Amino acid sequence: MDPDYSAQDVARCGLCKTAIAQSYCDFCHVNLCKTCIGEHISDEYDKHKIVPILKSKSTLIYPKCKNHQTKTCEYKCKDCNIFVCSHCFASKQHKEHEFFKLDEIFSAKKNQILKDRKELEDQILPTYEEIAIDLENQISNLDGEYKKLLKEMSKQREEIHREVDNAVNQMEVEIGEIKVKHHSLLNKHLDEIKRLQSLMQQTLQALNEIEESNEVSPTINYSCMNEEFSKLPYKVHVSMPKFIPKQREKEEFCSLIGKITPLSTTLDERVFTSKKSYTSVRELLDEPYLLNTINTGHEKLLRVICLNEQQIWTSGQTADIKCFNIQGVLQKTIKTKTGEYPLDIAVERDGALLYAYWETRTVYKINNDQTEEILTLQGWRPANLCVSSSGDLLITMFSDDGTQSKVVRYSGSTVKQTIQFDDKGQPLYSGNSKIKYISENRNLDICVADYGADAVVVVNQAGKLRFRYTGHPSSTKNKPFKPRGITTDSQYHILTADKDNNCIHILDTDGQFLSYIDNCDLESPWGLCVDSNDRLFVCEFYNGNVKKIRYLE
């Protein structure tokens, strides 16, 4: 606050320091009350300029000249890089030097300051607000994410408990079988002993009878069995089975359960993207026109993506992903690893091709003709892909039971952001359709063509809902709006394919309908992309054509 102002921001006189100032000397730059005006101009200095307080500070305050104390500097010497007054200007010291007028520099700087302030207020600060919101969301989601982590560990514990119980049960069965064998073996030897005992009892009875008898024949024929009986049976040693607990170290046991990855922190450089450039505004053409048609040979063409200014990738409902030059000549064909068609393809900034297959829950990357699996989801299936301006990968995905959908942002294999619910906890996206093409606008909004919801759903960088577009009333468009492909251009336009009405809707950055592209004989348009020159490429689903259209001046 200005020291001449009170706590209520009322200007006080710069001379008496107490009265409220009604005037201002625009030469001396001092506030004045009515009483002090006379005193201020009493020095007969003829350059005083008394103005109402509201019109104060209209005169520039130039710096004092160091060489001429009574003069102010109204110029700057470019060669010497110093401020100079009119006397300095005419001196030999600055002969043939180049000068700038300070009021012009001041005016240019003021304009630059206004622009900087506007950019700071309208763009940079909101960007920081979005970053802060993103961090707040991450913090608020921490408890839930760690609960999921603990739940996964608990699930593993229960699984290991089941496996341990099954293993112990199996060992108990094995011990039971050994016990039966042990019992049988001992019984066999016992039976043999009892048989011999019985035989000895019979022999003993016979001896008693012979001893009491006077018959000659039995006595003469007697043969002693004691030698045989004295051969005692083998002593049976059957060792008891033993349980030998496996010795284990704590670390070994922990590794059996699993492991917890440590916190991994990376600092990704943020690149500030200006919200809008007003120096290169390009208007929509009244009549878009067709530049070229490429016959891809695809059955049911789904997706086109620009590789560079000269090449495009295309995919349909076959295992072939084809690359064409813009003249329509086939350059290359790649077959998917699964042998099935991908729902979507995307291109990374280095030219590597990405595609997703929902059955394997996997996102694949093709680089130098080598295919690798870069992501495999659990409980979710990938559908559509978008590589963001920062290099992150945005994926629309649906749950295994087909009831939920969400958008997830990945940096490498690390989840950076999940977008699924609005501020009221309601789903942002429908759960009844796999078709959710995705694109990032130049203002970093995330735009999803949600076929199942009959809407284009747009959220900001922090995942907050900005708007839903559900079509534009038209007497010539008779079928319901069900968007397929989606893309954006350098003018922050959002373009989405309306297959059933054979047209493209063009929206502004706030979701307001601007125009249709419906005059290029489009047949069932589906996938869309825009190159760096804002030329639109449109897939025609049934005939396999890609049409290149100009729609901006």
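Here is what the cut-offs are and how they apply
Residues numbered from 1 in each chain as written. Predicted model: local features only at pLDDT ≥ 70, side-chain atom pairs only at ≥ 80, totals over all residues. Heavy atoms only, no water. Helix = DSSP H or I, 4+ residues; strand = E, 2+ residues; numbered from the N terminus. Buried < 20%, exposed > 50% of the residue type's maximum accessible area, 1.4 Å probe, protein only. Contact = heavy atoms within 4.5 Å. Salt bridge = Lys/Arg side-chain N within 4 Å of Asp/Glu carboxyl O. Pairing = 2+ DSSP bridges. Expected span 1.5 Å × (residues − 1). Patch = residues over 30% accessible without salt bridge, like charges linked within 9 Å, V, L, I, M, F, W, Y side chains within 5 Å. Areas by Shrake-Rupley, 256 points an atom, 1.4 Å probe, with all protein chains shown as cover. Lys, Arg positive; Asp, Glu negative; His and termini not counted. Charge placed at Lys NZ, Arg CZ, Asp CG, Glu CD. Core = buried A, V, L, I, M, F, W, Y, C linked by side-chain atoms within 4.5 Å. Phe/Tyr/Trp six-rings, centres within 6.5 Å; stacked < 30°, edge-to-face > 60°. Lys NZ or Arg CZ within 6 Å of the ring centre and 35° of its normal.

1. What to know about the side chain of T296
- Relative to the elements of secondary structure, T296 occurs in the loop between β7 (284–295) and β8 (301–306).
- Given a relative accessible area of 4%, T296 falls into the buried group.
- When sequence neighbours within four positions are dropped, the list of residues in contact with T296 reads L301, T314, K322, F324, G544 and V546.

2. As for the pattern of salt bridges
- Counted according to the given criterion, the structure contains 26 salt bridges.
- The partner of E159 in a salt bridge is R162, and the shortest N-O contact between them spans 2.5 Å. Placement of the pair is E159 and R162 together in helix α3 (residues 102–212), with a separation of 3 residues, close to one helical turn.
- Among the residues examined, R162 registers a relative accessible area of 43% and is labelled partly exposed.
- Across the salt bridge formed by R282 and D534, the nearest N and O atoms sit 3.1 Å from each other. Here R282, found in the loop between α6 (250–257) and β7, pairs with D534, found in the loop between β28 (525–530) and β29 (535–540); they are 252 residues apart in sequence, far enough to count as distant.
- Judged by relative accessible area, which is 23%, R282 ranks as partly exposed.
- Under the relative-accessibility criterion, D534 is labelled buried at 1%.
- Salt bridges sharing partners connect three or more residues here, namely E359, R361, R381 and D400.

3. Some words on the pairing of strand β30 (residues 545–552)
- Counting buried positions along β30 gives 7 out of 8 residues, so the element sits mostly inside the fold.
- The sheet contact formed by β7 and β30 spans 7 bridges and is antiparallel. Directly across from L290, in β30, lies its bridge partner I549.
- With 5 bridges joining them, β29 and β30 adopt antiparallel strand pairing. When the bridges of β30 are listed, R535 appears paired with R550.
- Counted between consecutive antiparallel strands, the loop separating β29 from β30 contains 4 residues, among which G544 sits at a positive phi close to 75°.

4. Digging into α3
- Over its 111 residues, α3 extends 157 Å from the first C-alpha to the last, a length consistent with the 165 Å expected when each residue adds 1.5 Å.
- Those residues of α3 that fall on the buried side of the exposure criterion are L102, Q123, T127, E130, I131, D134, I160, H182 and T203.

5. Description of a negative patch on the surface
- Where like charges cluster on the molecular surface, the negative patch consists of E283, D286, E287 and E553.
- If you trace the backbone, E287 turns up in strand β7.
- Using a relative accessible area of 55% as the deciding quantity, one classes E287 as exposed.

6. Some thoughts on a nonpolar patch on the surface
- Where nonpolar side chains cluster on the molecular surface, the patch consists of I139, L142, Y146, L149, L150, M153, I260 and L263 and spans about 850 Å² of accessible area.
- Checked against the element boundaries, L150 lands in helix α3.

7. So, the nonpolar core
- Core analysis: the largest hydrophobic core is formed by 16 residues, its most contacted members being W313, I321, I345, L353 and Y355.
- Ranked by the residues each element gives to this core, the list is headed by strand β13 (residues 353–357), at 3 residues.
- If sequence neighbours within four positions are ignored, I321 has contacts with W313, T314, S315, K332, T333, I334, T336, P342, I345, L353 and Y355.
- Within the second largest apolar cluster, 15 residues are counted, among which are C447, F481, I486 and W526.

8. Some points on unusual backbone geometry
- Phi is positive for N368, which is not a glycine, with a value near 55°.
- Mapped onto the elements, N368 comes out in the loop between β14 (362–367) and β15 (370–376).
- By relative accessible area, N368 is classed as exposed at 68%.

9. As for the packing of aromatic side chains
- Evaluated as defined, the whole model comprises 9 aromatic pairs.
- On the basis of an interplanar angle of 75° and a centroid distance of 4.7 Å, the ring pair of F541 and Y542 is categorised as edge-to-face.
- By relative accessible area, which is 7% here, F541 ends up buried.
- Overall, the relative accessible area of 54% leaves Y542 in the exposed class.
- An aromatic cluster is present here, built from Y75, F89 and F99 joined pairwise through their rings.
- Lying over the aromatic face of Y451, K482 brings its terminal NZ or CZ to 4.6 Å of the ring centre.
- R484 extends its terminal NZ or CZ atom over the ring of W526, reaching a point 5.0 Å from the ring centre.

Spatial relationships are all this shows, so hold off on functional conclusions.
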